[in-house]
Amino acid sequence: MRAGPSQEDIRRHNLGALLRHVHLGGPTSRAELTSKMGLNRSTIMALTSDLTAAGLVREELPRETGRAGRPSLVVRPESSRVYVFAFDVGPDRLAVARVGLGGTILDRREAVRRRGPFELEELAGMLAGFARQMRRKTRADTVCVGAAAAVSGGVRKGDGVIRFGPNLQAEEIPFGEELGRRLGLGLPVSVGNDANLAALAEHSRGVGVAVRDLIYLHGDVGIGGGIIAGGHLLGGHEGYGGEVGHMVVNPGGRVCGCGSRGCLEAEVGERALLEAAGKLGGGQHGRDAVRAVVDAADRGDIVAQEALKRVGDWLGLGVANLVNIFNPEMVIFGGMLREIYLGSAAQVRSRMALHAMAPQRERLRLRTSALADDATLVGAAELAFAHVLADPLEVLARVTG
Ligand SMILES: [Zn+2]
C-alpha cells in the first residue's frame, strides 16, 4: 500500500500554489486567497507568514477598502528583492532581462545578433556580461533564484543542448551548460524552445489566460509553435514537439532550412514574404523588412498586397490543419506573424473556411500576441521561476546558502 502525501508534502504544495497566485495574479488579499485556494483562513495565514519570513512576499494594508470593518491584508510578491535572469536568443536579437517575482521586468539589455554560425563562447560571454552589469546595480539584499533561456531551435529535454536550430545555424550546442558556467551564480540555466516558452507566456500572462487549449505560432526568420492542450504544453517524447513550422503544406514547394521542402516556414517565413514582395537581397531582412512590406500593402502597393495574399494562403492552410487536429479554443499569432496575420487576415480566414472543419472552426478565436516582442523573454522568465513556484522554501534556502 502506498502512503498518501505527508503533512509536509501538503504544506510545500500549498506554499507553491499561494506563491503562484500572487506571482501571476499580482497583489491579492488574504480573503481572496482563502476563497480561490479553497483553504481556511488560518491555513492561509500560516502559509503567508512562512513566505513572508522567507522574504518571498510581504503583507500590507490595502490602500482603500471602501468597506467598513477590518480590511483583509494584501499579499504581494517581493518583486524588487527576488528575481531571475531571462535570456532570449533569436536569429537577429539577443535580450537579457532581470525579472522580479510577479513578472516585473526590472532591467534589460538588448543587442543585435549578426546572422551567421552560432559562436557559443562569444555569445554566452556576451549574455553573461549583460547579466553581470545588471547584477552590479542591484541592492545587497536582492537574491537571484533562477535563470533560463529561450532559443530559436529544438532543445533536448534535461540538459539544455540545442539539438538543431537552422535559423541560428546551431547544432548540438551545450548552451545551458556554457551559459551557466559563465554566469557563475551556481545556478543551472534551463533552456527551452522560444515558441514553446512564448506559448506558455501568453497562456499565463497574455491573451491566452484561462484558455486551456491554444496554439501559439511564432514568426521570426522561420516559424515555431507551442501547443497547449488541456492546460499543458505538448512537448512530445523528447521535448521536440510543436515544430509546426516544419509541417509540410506544399510538397515540392520551396526548400526549407531543415532540408525538407514546402514546410509552413518555407512558404510563410520571412524569406518567402520578402521574395514574393521583390525585396529579397539588398541587405534587407528581419522584423523591420517584414513590417515594411505590410506597411506598403496598407498604402496600396499591389506587389506587397499580392505577396501577403500568397503568404496568407499558406498560413491559413497550416492553421486549418492544426485546428482540425487539436481543436484549440484560440490560435495566437506572435513575433513577425503578428504583422503578417494582420496584413493577411482575409486570406487566412478564407482558407480556414475551405479547409477547417465546421465544429472545430465555429468557436475558434484568432488573436495576436498580447506580449508582443517580449513573449519569448517573459516565457524564459517563467521557466526560471518554475522550480521556485514548485518548492519555494527549499529553493530559497539553497540559493541563500
Ligand atoms: Zn522545414
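Here the structure is a predicted model, which means the values were calculated and not measured.

1. Things to note about the pairing of strand E6 (residues 104–112)
As paired elements, strand E5 (residues 93–100) and E6 share eight bridges and run antiparallel to each other. Bridging across to E6, Val96 finds its partner in Arg109. What sits between E5 and E6 in their antiparallel hairpin is a turn of three residues, with Gly102 showing a positive phi close to 100 degrees.

2. Description of the coordination of the zinc ion
His246 (ND1), Cys256 (SG), Cys258 (SG) and Cys263 (SG) make up the full set of protein donors to the zinc ion, lying at 2.0 to 2.4 Å. For the zinc ion, the four donor atoms are set out with angles of 105 to 120 degrees between them, so the coordination reads as tetrahedral. The sequence motif formed by the donor residues of the zinc ion is H-x9-C-x1-C-x4-C. Residue His246 is located in the loop between strand E14 (232–233) and helix H7 (264–268), and its partner Cys258 is located in the loop between E14 and H7; the two are separated by 12 residues in the primary sequence. By relative accessible area, which is 41% here, Cys258 ends up partly exposed.

3. As for the pattern of salt bridges
Taken as a whole and judged by the stated rule, the model has 32 salt bridges. Residue Glu59 pairs with Arg30 through a salt bridge whose shortest N-O separation is 2.6 Å. Here Glu59 is found in strand E2 (residues 57–60), whereas its partner Arg30 is found in helix H2 (residues 30–37), with 29 residues between them in sequence. Three or more residues joined by partner-sharing salt bridges are found here, namely Asp88, Arg93, Arg108, Glu110 and Asp374.

4. Section: empty space enclosed by the protein
All chains considered together, the criterion is met by three cavities of 30 Å³ or more. By volume, the largest cavity amounts to about 220 Å³. Lining the largest cavity we find 25 residues, and of these Ser152, Gly153, Asn193, Gly224 and Glu243 sit closest to its centre. Its residues assigned to classes, the lining of the largest cavity comprises six nonpolar, 15 polar and four charged. Together, Val99, Gly103, Ile105, Arg205, Leu377, Val378, Ala381 and Glu382 line the second largest cavity. At four residues, the largest contribution of residues to the lining of the second largest cavity is made by helix H13 (residues 375–390). In terms of residue class, the lining of the second largest cavity is built from five nonpolar, one polar and two charged.

5. Overview of the domain arrangement of the chain
Along its sequence, the chain is carved into domain 1 (7–61 + 72–77), domain 2 (82–197 + 376–400) and domain 3 (209–370). If you look at the interface, domain 1 gives 14 residues, while domain 2 gives 13 residues. The contact between domain 1 and domain 2 buries some 1200 Å² in all, and 73% of this surface belongs to carbon and sulfur atoms. Among the residues of domain 1 in contact with domain 2, Arg12, His23 and Leu56 are the three that bury the most area, contributing 48% of the side total. In this structure, the connection of domain 1 to domain 2 is made through one salt bridge. With its nearest N and O atoms 3.4 Å apart, the salt bridge here joins Arg12 to Asp391. Inspection of the domain 1/domain 2 interface yields three residue pairs in polar contact (both at pLDDT 80 or more). Going through the elements one at a time, helix H1 (7–25) and helix H3 (41–53) are the ones with two or more residues in the side of domain 1 that touches domain 2. Considering each element in turn, the side of domain 1 that touches domain 2 owes the most residues, eight residues, to H1. Among the residues forming the side of domain 1 that touches domain 2, the class breakdown is seven nonpolar, three polar and four charged.

Rules used in this analysis
- Residues numbered from 1 in each chain as written.
- Predicted model: local features only at pLDDT ≥ 70, side-chain atom pairs only at ≥ 80, totals over all residues.
- Heavy atoms only, no water.
- Pairing = 2+ DSSP bridges.
- Helix = DSSP H or I, 4+ residues; strand = E, 2+ residues; numbered from the N terminus.
- Donors = N, O, S within 2.8 Å, 3.2 Å for Na, K, Ca; no water.
- Tetrahedral: all angles 85-135°; square planar, octahedral: opposite > 155°, others 65-115°.
- Buried < 20%, exposed > 50% of the residue type's maximum accessible area, 1.4 Å probe, protein only.
- Salt bridge = Lys/Arg side-chain N within 4 Å of Asp/Glu carboxyl O.
- 1 Å grid on protein atoms, 1.4 Å probe; cavity = no way out; pocket = protein on both sides within 12 Å on 5 of 7 lines; lining within 4 Å.
- Points joined across faces, edges and corners; volume = space filled by probe spheres on them.
- Nonpolar A, V, L, I, M, F, W, Y, C, P; charged D, E, K, R; others polar.
- Domains from an automatic or database assignment.
- Contact = heavy atoms within 4.5 Å.
- Buried area = accessible area lost by both parts, 1.4 Å probe.
- Polar contact = N/O pair within 3.5 Å; in protein donor to acceptor, adjacent residues only side chain to side chain.

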